[in-house]
Amino acid sequence: MKYVGAKAVAFAKKPGPSIWAALAFCEDEGVANDAARKIVSAWVGDDPDAEINSVSEDDVRKDPGALFDALEARSLLGAKRVIRIRTSGDKIATLLKEVVEAGEDSRDRFEAKLIVTAGSLQKKSKLRTAFEGAKNAAALQLFPDELGDVSDLIRQTIGEAGLEIDDMAVSALALHLPGHRRMIHAELEKLALFARDFGRPISQTDIQSVCISSVDSNGDAYVAAIFDRDLPAALATLDRLTISGTSAITLIRALQRETQRLLSVAALGPGVGPDAGMKLRPPVYRSQWDTVSRRLRSWPAPVLSRILERIYDLEHQAKMAGPIADTALRYLTIQMAKPLPRR
């Protein structure tokens, strides 16, 4: 069975009773891992003796029979059991396909349930098609977080820590957080630890003090190089970010945020000062006003609107086509950052 986007998110919270195996995949593997945790939680419920065992991809490749043994083994305490596997691509797809088919042929064969997580998978992936084609197994195609998703995650995580955060802080934090769910969790854990004795809601000032990550600062440098039309710096920064594992969609959204910010300032009209920027949501701070105003002189609103359309198209491509987006992002970088011809 196949679930995509919002339907996949809903399924993770409440998997169907007939489903014994699930595959969660996403370009941002942190999103897939979060969905897997929700599925496991739904499967085991409040069973205090539940057994959740992680099996590595290498172990499965070395001893394929061990996976069948793990799935068939019965708990001595009669507890619920779940086997978790994280895989990259189709390295063990053939074996997992055999497992899924065995579970389809004999529904009572396996005592444990199976959850598999992966990164981006092509439509023709053996692993993906095996789960999509099964009646009692599910394939969840998930997408990286949108800005609204990150805001909801911030409120939920901070609330679960017994803390409060004001709306301005949520907006500022959502813009600064990197596009990887795993890194988002790390930043939020750091913030919760920092704010546990505040006795007041977390403010925007707290966000600026605690949650500025290296990925964010490098992303800012990449965006700055593009809008300053410094092509060598833009490509060099893009290479560093790519090597460090930053996804294309993280950088696409950084470009999207800056383009939207410039458009919001342009909409204020000519002759406005820094105070007007502070009223925007998110605000343009006084320290940023000169930079934003200078960029607007080089990037008129009609041009920015066309760029924003291209960015939206590129984001859709990144979600659906995975690695192809890296090449498209580099092409867009070259087109935007190349110096204007001299008149």
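Presented here is a report on the structure given in the accompanying data block.

Conventions and cut-offs
Residues numbered from 1 in each chain as written. Predicted model: local features only at pLDDT ≥ 70, side-chain atom pairs only at ≥ 80, totals over all residues. Heavy atoms only, no water. Phe/Tyr/Trp six-rings, centres within 6.5 Å; stacked < 30°, edge-to-face > 60°. Helix = DSSP H or I, 4+ residues; strand = E, 2+ residues; numbered from the N terminus. Buried < 20%, exposed > 50% of the residue type's maximum accessible area, 1.4 Å probe, protein only. Lys NZ or Arg CZ within 6 Å of the ring centre and 35° of its normal. Pairing = 2+ DSSP bridges. Axes fitted to C-alpha atoms, helices over the stretch in contact; angles between N-to-C directions. Contact = heavy atoms within 4.5 Å. Core = buried A, V, L, I, M, F, W, Y, C linked by side-chain atoms within 4.5 Å.

**Let's talk about the packing of aromatic side chains**
Geometry of an aromatic ring pair is reported as the spacing of the ring centres plus the angle between the planes.
For step 1, the next point in the chain: Applying the stated criterion across every chain, the model contains 5 aromatic pairs.
For step 2, the next point in the chain: On the basis of an interplanar angle of 50 degrees and a centroid distance of 6.1 Å, the ring pair of phenylalanine 68 and phenylalanine 110 is categorised as tilted. Here phenylalanine 68 is found in helix H4 (residues 64-72), whereas its partner phenylalanine 110 is found in the loop between helix H5 (93-105) and strand E5 (113-118), with 42 residues between them in sequence. Note on accessibility: phenylalanine 68 and phenylalanine 110 belong to one class, buried.
For step 3, the next point in the chain: Note on phenylalanine 194 and phenylalanine 198: the rings are 5.3 Å apart at their centroids and 80 degrees apart in plane angle, and the pair reads as edge-to-face.
For step 4, the next point in the chain: Taking the relative accessible area as the measure of exposure, phenylalanine 194 reaches 42% and is therefore partly exposed.
For step 5, the next point in the chain: Owing to a relative accessible area of 25%, phenylalanine 198 belongs among the partly exposed residues under this scheme.
For step 6, the next point in the chain: What links up through ring pairs into an aromatic cluster is the set Trp20, Phe68 and Phe110.
For step 7, the next point in the chain: Cation over ring: arginine 229 sits above tryptophan 299, and NZ or CZ is 3.9 Å from the ring centre.

**Digging into unusual backbone geometry**
For step 1, the next point in the chain: Non-glycine residue arginine 229 carries a positive phi angle of around 55 degrees.
For step 2, the next point in the chain: Judged by relative accessible area, which is 18%, arginine 229 ranks as buried.

**Focus on the sheet that holds strand E1 (residues 2-4)**
For step 1, the next point in the chain: Spatially, 6 strands are ordered E1-E6-E2-E5-E4-E3 in an open sheet, and the strand pairing comes out parallel. A strand with exactly one partner marks an edge of an open sheet, and here the two such strands are E1 and strand E3 (51-55). With strand direction ignored, the average angle separating the axes of adjacent strands in the sheet is 20 degrees.
For step 2, the next point in the chain: Bridge count between E3 and strand E4 (residues 81-86): 5 bridges; the pairing is parallel. By the bridge assignment for E4, asparagine 53 is matched with isoleucine 83.
For step 3, the next point in the chain: Where helix H1 (residues 6-13) meets the sheet, it contacts E1 and strand E6 (137-141), and its direction lies at approximately 115 degrees from that of E1.
For step 4, the next point in the chain: Along the sheet, H5 contacts E4, E5 and E6; its crossing angle with E5, the most-contacted strand, is approximately 150 degrees.

**Focus: the nonpolar core**
For step 1, the next point in the chain: In this structure, Tyr222, Ile226, Phe227, Leu255 and Leu329 are the most contacted members of the largest nonpolar core, which totals 34 residues.
For step 2, the next point in the chain: Among the secondary structure elements, those contributing two or more residues to this core are helix H11 (214-227), helix H12 (231-243), helix H13 (248-266), helix H15 (286-298), helix H16 (301-321) and helix H17 (324-337).
For step 3, the next point in the chain: When residues of this core are assigned to their parent elements, the largest contribution, 8 residues, is made by H13.
For step 4, the next point in the chain: In contact with tyrosine 222, not counting residues within four places along its chain, are Ala234, Thr237, Leu238, Leu241, Leu251, Leu255, Leu329 and Thr333.
For step 5, the next point in the chain: Grouped together as the second largest cluster of nonpolar side chains are 28 residues, Ala21, Val100, Phe110 and Ala118 included.

**As for the environment of proline 144**
For step 1, the next point in the chain: Structurally, proline 144 is set in the loop between E6 and helix H7 (147-160).
For step 2, the next point in the chain: Note on proline 144: relative accessible area 3%, which makes it buried.

Any link to function would need more than the numbers given here.
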